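# Analysis of the macromolecular model
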Amino acid sequence: MWNTPVTKIDQIETMILDIPTIRGHVLSMATMRTQIAVLVLVKFSDGSEGIGEGTTIGGLSYGPESPEGIKLAIDTYIAPALIGRDADNVNGATQLIDKLVKGNRIAKTAVEIALWDGLGKRLGVSVAQLFGGAVHERLPVAWTLASGNSETDIAEALQMIETRRHNIFKLKIGKRSVREDVAHVARIKQAVGEAASVRVDVNTAWSLQDARWGLKGLQDAGCELVEQPVPARYRRAMAELTGGYEIAVMADEALNGPEDALSVAKANAADVFAVKVAQSGGLKRASEVIAIAEAAGLGLYGGTMLETGLGTAAALQLFATVETLGWGTEFFGPLLLTDEILAEPIIYRDFCVEIPKGVGIGAALDPDKIAFFRRDAGRTITAVAGE
Ligand SMILES: O=C(O)C[C@H]1C=CC(=O)O1
Ligand SMILES: [Mn+2]
């Protein structure tokens, strides 16, 4: 029996895309007017290709990786180590990169997604199938109200309900005083009533004292969940808040991979995990974070790093396989952008986002849009000679 040749990783190209947002997106730590996506294009020796994406939020204001740093980490440290390796051995690749590269979870994610995409395409199956198969065809999807103005947010919310696009709203707070933020949330809940679920994301902006007042006010206002009210490192404070109020407390910035997930679960420092593929370090690592939440009996929510349709399609492949996402998802990233970079946009209707069909992550890029939004010529790492 002839040995079928092993397909290799031949080339890894990265590029940065700058895509405007539909409006200013006001978070406690920064206001976004552009989303910057790092695209990874992997070419394999059999002619197959894989695409991946890494995004963060507001430059370096949300987390420890910047788009430019993500590109550099891939170009300089991750790609050269993978060129020439067995294309189908995703675990081998991620375990090698975890040895060679500390942290840089978003950079690792962007490459790992492209490897899963290529593997799915070569096998003719979806990435969901590679994770055991999809049990959902669509998932509830929240919208983030973050215009910075209560009246604008109310108008936006009512329009989203009217058009049956969203009936779960996450309000960005933490920039104003606790009193002003609670009043803002109360006005919006008053406006939408029982037609929608209202949650907030403080993005770590509150002290423990702020949070004690804030959680009391928020639950009195009818808010159902508060996301990362205090800084990620404050496990004790998150545990006090989680145990002290009826309102659900969700961890986000505190969750950077399975080790953090175990530590937060052991400390009872959250009721719910916002699982983000990029923050976890890839689809496999995110699946490990999900497993820890399920084992600990915690709630689950599909979190976004405001990926374009590419990273959103990848995340949907994994979350389609999760039995219970009690708090839904927020995979609305493409809807925040002024333009679509996929050849076929992801479908949002009836308050849900639909899992893309097709092989790999179920997404193909629109080459004209990529050419239009790319910041500069990509840099291709070709196969190095010999071992
Ligand atoms: O959760 C975050 O903090 C990041 C992201 C999710 C939605 C949004 O508007 O920002
Ligand atoms: Mn968050």
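Since the model is a prediction, treat every value here as computed from it, not as a measurement.

What follows covers the overall build of the protein. Along the protein, the regular secondary structure elements total 13 helices and 14 strands. For the protein, whose C-alpha radius of gyration is 20 Å, the value lies close to the compact-globule estimate of 21 Å for 387 residues. Viewed in the frame of its principal axes, the protein has a C-alpha envelope of about 70 × 40 × 35 Å. In the protein, 74% of the contacts between residues at least 6 apart in sequence involve partners at least 24 apart. Accessible surface, the protein: about 15,500 Å² in total, of which carbon and sulfur atoms supply 53%. Looking at the protein, you have 38 positive and 48 negative side-chain charges, and the mean spots of the two groups are 4 Å apart.

This next bit is on the site of ligand 1. Around ligand 1 sit 15 residues in total, of which His25, Lys170, Lys172, Asn203 and Lys276 are the nearest. Here Lys276 contributes a side-chain N or O atom positioned 2.9 Å from an oxygen atom of ligand 1. Here ligand 1 loses 100% of its free accessible area of 280 Å² to cover by the protein chains. Considering only residue class, the shell around ligand 1 consists of four nonpolar, four polar and seven charged.

Taken in spatial order, the seven strands make up an open sheet running 5-6-7-8-9-10-11, and their pairing is parallel. Either end of the sheet is taken by a strand with one partner, and the two such strands are strand 5 (143–145) and strand 11 (299–302). Averaged over all pairs of adjacent strands, the angle between their axes in this sheet comes to 30°, without regard to strand direction. Pairing geometry for strand 6 (residues 168–172) and strand 7 (residues 197–201), over five bridges, is parallel.

This next bit is on the confidence of the model for the protein. Averaged over every residue, the pLDDT of the protein is 96; residues scoring 70 or more account for 97%. Note that residues 381–387 has pLDDT below 50 and, in this model, 13 contacts with residues that lie over four places away or in other chains.

Here is what the cut-offs are and how they apply
For every chain, the first residue of the written sequence is number 1, and numbering continues from 1 onward in sequence order. Written order determines the labels here, with chains lettered from A and ligands numbered from 1. Owing to the predicted nature of the model, reporting of local features is limited to residues with pLDDT of at least 70; listing and counting of side-chain atom pairs is limited to 80 or more, with chain, interface and lining totals taken over all residues. Heavy atoms throughout the structure, all of them, feed into the side-chain values; hydrogens and water do not. Counting from the N terminus, the helices are DSSP H or I runs at least four residues long and the strands are E runs at least two residues long. Here the radius of gyration uses the C-alpha set of atoms, whereas the globule reference equals 2.2 Å times the residue count to the power 0.38. We call two residues in contact when some of their heavy atoms are within 4.5 Å. For accessible areas, the Shrake-Rupley method is used with a probe of radius 1.4 Å. Any residue's cover is judged against the shown protein chains and nothing else. By the counting rule applied here, Lys and Arg register as positive and Asp and Glu as negative, while His and the ends of each chain are not counted. All charge positions are set by atom: Lys at NZ, Arg at CZ, Asp at CG, Glu at CD. For each residue, the test is whether any non-hydrogen atom lies within 4 Å of the molecule or strand; if one does, the residue is near. Two N or O atoms form a polar contact when they lie within 3.5 Å of each other; inside protein one atom must be a possible hydrogen donor and the other a possible acceptor, and for residues adjacent in sequence the pair counts only when both atoms belong to side chains. Three residue categories are used. Nonpolar comprises Ala, Val, Leu, Ile, Met, Phe, Trp, Tyr, Cys and Pro, charged comprises Asp, Glu, Lys and Arg, and polar comprises the others, including Gly. The criterion for strand pairing is that DSSP finds at least two bridges linking the strands in question. Here an axis means a line fitted to C-alpha atoms, over the contact stretch when the element is a helix, while the angle between two N-to-C directions is reported on a 0 to 180 degree scale. For every residue, the predictor states its confidence as a pLDDT score lying anywhere from 0 to 100.

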